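Listed here are the chains, written in short residue letters.
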Amino acid sequence: KAAMEKIIWQRSLQMRTEQLTWQESQKGQKILEFRKSLPAYKEKDAILSSIANNQVVIISGETGCGKTTQIPQFILESEIESIRGSMCSIICTQPRRISAISVSERVAAERGELLGETVGYKVRLEGVKGRDTHLLFCTTGILLRRLLVDKNLKGVTHVIIDEVHERGMNEDFLLIVLKDLLPRRPELRLILMSATLDAELFSSYFGRAPMLHIPGFTYPVRTHFLENVLEMTGYRLTPYNQVDDYGLEKLWKMNKQAPRKRKSQIVSAVEDALRAADFKDYSAQTQESLSCWNPDCIGFNLVEYLLNYICQNERPGAVLVFMTGWDDISALKEKLQGHPIMGDTNQVLLLTCHGSMASSEQRLIFDKAEDGVRKIVLATNIAETSITIDDVVFVIDCGKAKETSYDALNNTPCLLPSWISKVSAKQRRGRAGRVQPGECYHLYPRCVYDAFADYQLPEILRTPLQSLCLQIKSLKLGSISEFLSRALQSPELLAVQNAIEYLKVIGALDENENLTVLGRYLTMLPMEPKFGKMLVLGAIFYCLDPILTIVSGLSVRDPFLSPLEKKDLAEAAKAQFSHDYSDHLALVRAYEGWKDAERDLAGYEYCSKNFLSAQSMKAIDSLRKEFYLLLKDTGLVDSNPTTYNTWSYDEHLLRAVICYGLYPGICSVVPNEKSFALKTMEDGQVLLYSNSVNARDKIPYPWLVFNEKIKVNSIFLRDSTAVCDSVLLLFGGSFSKVDMGGHIKMLGGYLEFFMSPGVAEMYQSLRRELEELIQM
Ligand code: ADP
Ligand code: MG
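Residues numbered from 1 in each chain as written. Chains lettered and ligands numbered in written order. Predicted model: local features only at pLDDT ≥ 70, side-chain atom pairs only at ≥ 80, totals over all residues.

Short version of the rule: UniProt positions are given in the numbering used here, feature names are shortened, and annotations may be inferred rather than shown by experiment.
In the nomenclature of an unreviewed UniProt entry, the protein chain is known as RNA helicase of Cinchona calisaya. Per its UniProt entry, the protein chain bears the Catalytic activity (unreviewed entry) comment "ATP + H2O = ADP + phosphate + H(+)". In its Sequence similarities (unreviewed entry) section, the UniProt entry covering the protein chain states "Belongs to the DExH box helicase family."

**Remarks on the overall build of the protein chain**
Just so we agree on the cut-off: Comment: elements are numbered from the N terminus, with helices defined as DSSP H or I runs of at least four residues and strands as E runs of at least two. Partly exposed residues are those whose C-beta has more than 12 but fewer than 20 other C-beta atoms within 10 Å; 20 or more makes a residue buried and 12 or fewer makes it exposed, with C-beta atoms placed from the backbone. With C-beta atoms placed from the backbone, a contact is any residue pair whose C-beta atoms sit within 7 Å.
Each helix and strand counted, the protein chain has 35 helices and 21 strands in total. Residues counted as buried form 44% of the 776 residues belonging to the protein chain. For the protein chain, contacts bridging at least 24 residues in sequence account for 73% of all contacts bridging at least 6.

**Description of the environment of Gly532**
Structurally, Gly532 can be placed in helix H25 (residues 529-540). In sequence terms Gly532 and Leu522 are 10 residues apart; their C-alpha atoms lie 5.7 Å from each other.

**Some thoughts on helix H8 (residues 169-181)**
Worth spelling out the cut-off: Multiplying 1.5 Å by the helix residue count minus one yields the expected span of that helix.
Between the first and last C-alpha of H8 there are 19 Å, a value that for 13 residues agrees with the 18 Å anticipated at 1.5 Å per step. Buried within H8 we find Met169, Asn170, Glu171, Asp172, Phe173, Leu174, Leu175, Ile176 and Leu178.

**Structural notes on the sheet that holds strand S17 (residues 666-671)**
Worth spelling out the cut-off: In this analysis, strands are considered paired if DSSP registers two or more bridges between them. Think of each axis as a best-fit line through the C-alpha atoms, taken over the contacting stretch in the case of a helix, with angles from 0 to 180 degrees between the N-to-C directions.
Read around the closed barrel, the five strands follow the order S17-S18-S19-S21-S20; overall the barrel is mixed. Within the sheet, the average angular offset between the axes of one strand and its neighbour, ignoring direction, is 50 degrees. Bridging between S17 and strand S18 (residues 676-680) involves four bridges; their strand directions are antiparallel. Directly across from Val670, in S18, lies its bridge partner Ala677.

**Re the confidence of the model for the protein chain**
The condition that has to hold: Each residue carries a pLDDT score, the predictor's own confidence in it, on a scale running from 0 to 100.
In the predicted model, the protein chain carries a mean pLDDT of 82, and the fraction of residues at 70 or more is 83%. Looking over the protein chain, one finds the lowest element-wise mean pLDDT in helix H14 (residues 287-291), namely 30, and the highest in strand S6 (residues 158-161), namely 98. Below a pLDDT of 50 lies the segment residues 275-298, which in the model reaches 39 contacts outside its immediate sequence neighbourhood of four places, other chains included. This model gives residues 405-415 a pLDDT under 50, and the stretch forms 24 contacts once residues within four places in sequence are excluded. Taken over the whole predicted complex, pTM reads 0.77, whereas the ipTM for its chain interfaces reads 0.99.

**Some remarks on the nonpolar core**
Spelled out, the test is: Each nonpolar core reported here comprises buried Ala, Val, Leu, Ile, Met, Phe, Trp, Tyr and Cys residues connected via C-beta atoms within 7 Å.
Val321 and Cys659 are the most contacted members of the largest nonpolar core, which totals 188 residues. Per-element accounting of this core gives the leading share, eight residues, to helix H32 (residues 651-662). Apart from residues lying up to four places away in sequence, Val321 is in contact with Val303, Ile376, Val377, Leu378, Ala379 and Ile396.

**Here's the deal with the site of ligand 1**
Put simply, the test is: To decide whether a residue is near a molecule or strand, its C-beta atom is placed from the backbone and checked for lying within 6 Å of it. Throughout, the ten residues Ala, Val, Leu, Ile, Met, Phe, Trp, Tyr, Cys and Pro are labelled nonpolar, Asp, Glu, Lys and Arg are labelled charged, and all others, Gly among them, are labelled polar.
Every one of the 15 residues lining ligand 1 counts as a neighbour, but Gly64, Lys67, Thr68, Thr69 and Phe366 are closest to it. When contributions to the shell around ligand 1 are tallied by element, the ones reaching two or more residues are helix H5 (67-81) and helix H6 (97-110). When residues in the shell around ligand 1 are grouped by element, the largest group, four residues, is from H5. Considering only residue class, the shell around ligand 1 consists of three nonpolar, nine polar and three charged.

**Quick notes on the sheet that holds strand S3 (residues 119-123)**
Within a sheet, adjacent strands bond to each other through the backbone by hydrogen bonds, running parallel or antiparallel. Spatial ordering of the open sheet is given by S4-S3-S5-S2-S6-S7-S1-S8, a layout of eight strands whose pairing is mixed. Two strands bound the open sheet, and with one partner strand each, they are strand S4 (126-128) and strand S8 (211-214). Adjacent strand axes in the sheet meet at a mean angle of 20 degrees when their direction is disregarded. When strand S2 (residues 90-94) meets strand S5 (residues 135-139), the two strands line up parallel, connected through five bridges. Bridge pairing links Thr93 to Cys138 in S5.

**Quick look at the packing of helix H26 (residues 544-555) against helix H30 (residues 614-633)**
Stated formally: Throughout this description, any angle smaller than 35 degrees is read as roughly parallel, any larger than 145 degrees as roughly antiparallel, any in the 65 to 115 degree range as roughly perpendicular, and the remainder as oblique. Crossings are sorted by hand: turned counterclockwise from the far helix by less than a right angle, the near helix makes the crossing left-handed, and turned clockwise it makes it right-handed.
At a closest axis distance of 9 Å, the pairing of H26 and H30 adopts a crossing angle of 120 degrees. One way to sum up the angle between H26 and H30 is to call them oblique. Seen along the crossing, H26 lies across H30 with a hand that is right-handed. Along its contact with H26, which presents Leu548, Thr549, Val551, Ser552, Gly553 and Ser555, the element H30 presents Ile620, Leu623, Arg624, Phe627 and Tyr628. Considering only residue class, the contact of H26 with H30 consists of six nonpolar, four polar and one charged.

**Overview of the packing of helix H4 (residues 44-53) against H5**
Packing of H4 against H5 leaves a shortest axis separation of 10 Å and a crossing angle of 70 degrees. Regarding the angle of H4 to H5, the classification is roughly perpendicular. Seen from above, H4 lies across H5 with right-handed handedness. Touching Lys44, Ile47, Leu48 and Ile51 of H4 are Ile71, Phe74, Ile75 and Ser78, all from H5. Residue composition of the contact of H4 with H5, grouped by class: six nonpolar, one polar and one charged.

**Remarks on the pairing of strand S20 (residues 703-711)**
Both S17 and S20 contribute to a ladder of three bridges, which runs antiparallel. Within S20, the residue paired with Ser668 across the bridge is Trp703. Inspection of the sheet shows S20 paired to strand S21 (residues 715-723) by eight bridges, in the antiparallel sense. Across the sheet, residue Phe706 finds its bridge partner in S21, namely Ser720.

So, in structure tokens, the structure goes:
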């Protein structure tokens, strides 16, 4: 034991020497100087002593003040200085993988080290970490997975949760688990950090934990709302753009406190704003048409026009454009590349910043553009608080962010861009004032801003809880609803019950809420349970490749493009992939065609000929690899592709596997004189998205299984596959023998709901037969 202690002590001493050598080197001094200029540095002593004296500390400070890069480093350095270096283990969680990677790179560089020495990172399926790594940046999900096998976080000395204000599902979940853990590990330190923080809420959750604030400084930012932007630039909205620019409906859903009558007030204020901008055609529009504005997209034309205006009329300085998501960003980028100024690399450096960018691209964001070249960064809300771009002077804010919201009543998730909160708008605005006075252009009228909610609802209150429930079960945290009742803000009981019910229906939980064998596999696959289910069965039935393609395809932006001007051509192109009534199989064909073309270096031509997004195809390609690795982790596949693809060309089997995954997303096809109607048990009549291959002619099958229901005005089904009775009967629902009886009963009930009496009778007898068969 004494020898062991000696080794630890020697290593700690060595770490201190290394640290001192670096700090005294020329390069090290220069970096230290930069670090000392950050506001966080001035609070270093206060932060460290607060952490020493309290188990939980809450730290807030403006974006860019040095929380993420400095505070974990302060802790590490002080441990090293007090010769405890080789015994400390600091974990700092980030809500996104991209920030975990970029921050760890930065911190390692600030310490004059390579990644994987004292500083490392770990994200899903990827990581750099060495034997001597004492500061680890990881995603929240990774820490949760570690808790799965290491309940007490043995050996960990500090847990830092960054960006807690985002209130992601994982972070809220982690807080409950850590709160339970703290009494068991009195020496463990927990630090919560965030830019804008309802510090009181967190402090009282952790028994009045102390709050520290890092004061920052920003230059004034001039704010322009839509009415000013229109006036200033002389841009004219056309009716088409209007549809693009607003989506007020969602705002009311989000802002639940808004009294009913405010809606009409805002609508008329928007009308006034537009009229003031001399938009003549507008007065013809009625209030009703206003409230139906499609919330799905923002005005690319306006953004392009404004960027052009800034390039031609404004002082030098980088422009940061907040868009809703990766798909919007790549579409806008493509558009801008065709512009005489924005597309000219001698005048404009056009960059993107989003969760799935490559790290080479990521580094460019921090570089300054050459003199005379204007840097324009198209970003998601990742640039709101997690990534700081230093030279920004102009901010364009489309006012929206993509988020999953969840309507507990309908059990229907919707992935739509929705209006941001006032806090987010303020954050976005603040990005313009870091180096000099800046300008912020909000592309919505002032009155719309006034109706924004103050804060964003936490994710746990607005999204389906299925994956979370599985996690609770796999961590053996007891009753799901009891556990969730201890959250910072608990989700509605109805939402919890819906999630548990869903997991029972798909066979992941048994009657007593215990994980089934399938459920256990699903906890190892961090994705929506339905996708996990498809992969599991695809592996078992040796038809994995197409299933990997389908699951990946459903996780990225729809690869089938449908440009407004060429809708017919695009539909015809999609139709050649789809003679068998399945959007999912059409995707498989399209992907395989692309893969072949790609081998001959003709992938791009293939995509433009067939109206496919080359970017989505590439994304599918890389996701397939990730999903395969995850599946391999579970032990369900070996590495021999011929084995697990033995039946990959059997379409009937593929349909069955798709059905198994998508159940209970079923709708019945009811033929009528002209064509057919679609009905689900919960919603009654539903419609198909117009780009579905099934939306064209009569469907010669009695059922569709679908991936997603989206509520816009009516309920629309996205991505469906037609299946026959026997497939639904055998593959709808859970698959294990134990559950089969109950399952058939339920499915029987479902069938009876739609069937004519004669057919229902036939099913009754089929059901009895099957039930008898199981009892034998
Ligand atoms: P916070 O977490 O408080 O928002 P950070 O610690 O992320 O702040 O960043 C502090 C400062 O460090 C930023 O203002 C930026 O100038 C600089 N910085 C952070 N990451 C990088 C990087 N990868 N490259 C260059 N500078 C960076
Ligand atoms: Mg940060």
